[in-house]
Amino acid sequence: MGMLEIRNVDKVYRSRGKPPVHAVRALDMEVKKGEIVALLGSSGCGKTSTLRMVAGFESVTSGAIALSQRRIDELPPAKRNVAMAFEGYSLYPPLTIRENIAFALKAQQLAHREVSHRVDAIARMVEIEDILDSYPRSISGGQQQRVSLARALVRDADLYLLDEPMGQLEPQLRAVLRGRIKGLLAERGMTAIFVTHDQTEASALADRIAVMEDGVLQQFANERELKNRPANLFVASFIGEPPMNLLETQVAHADGGFCLSVGADMAFRIAGDTLDQAARKLLEQAQSVRVGIRPQRIAVGTGDVRVRVVSNQWLGDQSHVAGECAGHLLIAVTVNRIAARPGDIVPFALDPRHLHVFGADGTCIRHAEGG
Ligand SMILES: Nc1ncnc2c1ncn2[C@@H]1O[C@H](COP(=O)(O)OP(=O)(O)OP(=O)(O)O)[C@@H](O)[C@H]1O
Ligand SMILES: [Mg+2]
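**Student:** An account of the coordination of the magnesium ion (ligand 2) is needed here, citing residue identities and associated values.
**Tutor:** Every protein donor of the magnesium ion (ligand 2) is accounted for by Thr 48 (OG1) and Glu 87 (OE), and the metal-donor separations fall at 2.0 to 2.6 Å. Placement of the pair is Thr 48 in helix H1 (residues 47-55) and Glu 87 in the loop between strand E6 (82-85) and helix H2 (97-103), with a sequence separation of 39 residues. Taking relative accessible area as the criterion, Thr 48 reaches 24% and is therefore assigned partly exposed.

**Student:** Provide a residue-level description of the sheet that holds strand E4 (residues 62-67), including the pertinent values.
**Tutor:** Strand order in the open sheet formed by 4 strands is E2-E1-E4-E5, and the pairing between neighbours is antiparallel. Each having just a single partner strand, strand E2 (21-31) and strand E5 (70-71) make up the two edges of the open sheet. Pairing analysis gives 7 bridges linking strand E1 (residues 4-13) to E2, with the strands arranged antiparallel. Residue pairing for E2: Leu 4 is matched across the bridge by Val 31.

**Student:** So what's going on with the sheet that holds strand E17 (residues 328-334)? Residues and values would help.
**Tutor:** Strand order in this open sheet of 4 strands is E17-E16-E15-E18, and the pairing throughout is antiparallel. Both outer strands of the open sheet, E17 and strand E18 (345-349), are each paired with one neighbouring strand and no more. Geometrically, the sheet is characterised by an average inter-axis angle of 50 degrees between neighbouring strands, direction not taken into account. Sheet analysis places strand E16 (residues 319-325) next to E17, joined by 7 bridges and oriented antiparallel. Among the inter-strand pairings, Gly 323 is bridged to a residue of E17, identified as Leu 330.

**Student:** Now, about the domain arrangement of the protein: what can you tell me, with residues and values included?
**Tutor:** Parsing the protein into structural domains produces domain 1 (4-231) and domain 2 (238-366). Just the C-alpha atoms count here: the centres of domain 1 and domain 2 sit 39 Å apart. At the junction of the two partners, domain 1 supplies 10 residues and domain 2 supplies 9 residues. Summed over both sides, the interface between domain 1 and domain 2 buries roughly 770 Å², with carbon and sulfur atoms accounting for 65% of that surface. Among the residues of domain 1 in contact with domain 2, Gln 199, Lys 227 and Pro 230 are the three that bury the most area, contributing 53% of the side total. If you look at where domain 1 meets domain 2, you find 0 salt bridges. Taken together, the links from domain 1 to domain 2 amount to 4 residue pairs in polar contact (both at pLDDT 80 or more).

**Student:** An account of the packing of helix H3 (residues 112-125) against helix H5 (residues 171-188) is requested, with residue identities and associated values reported.
**Tutor:** Look at H3 against H5: their axes get within 10 Å of each other, and the N-to-C directions meet at 140 degrees. Here H3 lies oblique to H5, going by the angle between them. Taking contact as the criterion, the partners of Ile 122, Arg 124 and Met 125 in H3 are, on H5, Leu 177, Arg 180, Ile 181 and Leu 184. Tallied by class, residues from the contact of H3 with H5 come to 5 nonpolar, no polar and 2 charged.

Cut-offs used in this document
- Residues numbered from 1 in each chain as written.
- Chains lettered and ligands numbered in written order.
- Predicted model: local features only at pLDDT ≥ 70, side-chain atom pairs only at ≥ 80, totals over all residues.
- Heavy atoms only, no water.
- Donors = N, O, S within 2.8 Å, 3.2 Å for Na, K, Ca; no water.
- Helix = DSSP H or I, 4+ residues; strand = E, 2+ residues; numbered from the N terminus.
- Buried < 20%, exposed > 50% of the residue type's maximum accessible area, 1.4 Å probe, protein only.
- Pairing = 2+ DSSP bridges.
- Axes fitted to C-alpha atoms, helices over the stretch in contact; angles between N-to-C directions.
- Domains from an automatic or database assignment.
- Contact = heavy atoms within 4.5 Å.
- Buried area = accessible area lost by both parts, 1.4 Å probe.
- Salt bridge = Lys/Arg side-chain N within 4 Å of Asp/Glu carboxyl O.
- Polar contact = N/O pair within 3.5 Å; in protein donor to acceptor, adjacent residues only side chain to side chain.
- Parallel < 35°, antiparallel > 145°, perpendicular 65-115°, else oblique.
- Nonpolar A, V, L, I, M, F, W, Y, C, P; charged D, E, K, R; others polar.

Okay, here's the thing in structure tokens:
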């Protein structure tokens, strides 16, 4: 059983004179003790709403939430033993930074010295020791964000919820803090869910990543699984840089397998025995299917797909070559420097083994070998 269990939770916001907003739909997820989870998804997909329901600042419209086997969704926030760093920081203006952070320790009734000691240690970790005597209005947004983070992490709680904890910070500081936060969480065996827009951050910090879109949890898995076995079109195109190439193909039967073609210029043969029964059935009935191939899986300079180069960028350690074929733009990434210019015709190799195949509802019905 999980440390945190979210069971079939829905959130509908209703305000007078406005249509209701269904922010979270039938959310089911379990977080294990000591696990670090990232909530990843585009703006408005329901990340903050999810955290706020777990922390108790929003009610659940339906469903249940349990923490350490204890039902918490009816409890007031203070009774849940959940620490949260808010997206909007929510610092207390009349208190100094030191008092803001120490305030979170009030309920724990610690000795004065222990409080100072903890505040100093966490302030050092997020590099705000020099502003402990300032007031929130006189410090920068990035500093306020770190105060908010410190205030959450300084507490002893069963669960830590961090809503975009480093969104305001410059990349260098972010990378440093990321490492320190991960160290702290791991050392103390803390269980945490953090929201981010940044895939690199999600991969670097989290054990598992929950990808949300439109209030619906699309997939909850580790980074490798999300990349190699995306559950559907959304995850396939959302995870990975640059995004997966997607093509609409016509399906024809061929020698016990299938031939998926894009006009007369691209054709992929898929052997029947590389498909499970459900996928085979789907392809037998479908006239067209979407397929996807990662840019890193397209070989440049060999192969029978001839593309007209649109752009070619060397990024210092890899080339991104974009080319057009049969009205489709394909992006290939290689570690070699490619000497092509816009307008040149260059061969691309798209190996059918590297194709992900998607059903009409977007579900992935066949994953590429090795992702
Ligand atoms: N208090 C509220 N009243 C009405 N609608 C709300 C309220 N809070 C959020 N929403 C709506 O619910 C949906 C989900 O919002 P939420 O804040 O959970 O998204 P998010 O994933 O955190 O987005 P972001 O990345 O921009 O922070 C959005 O459509 C938002 O407009
Ligand atoms: Mg949010």
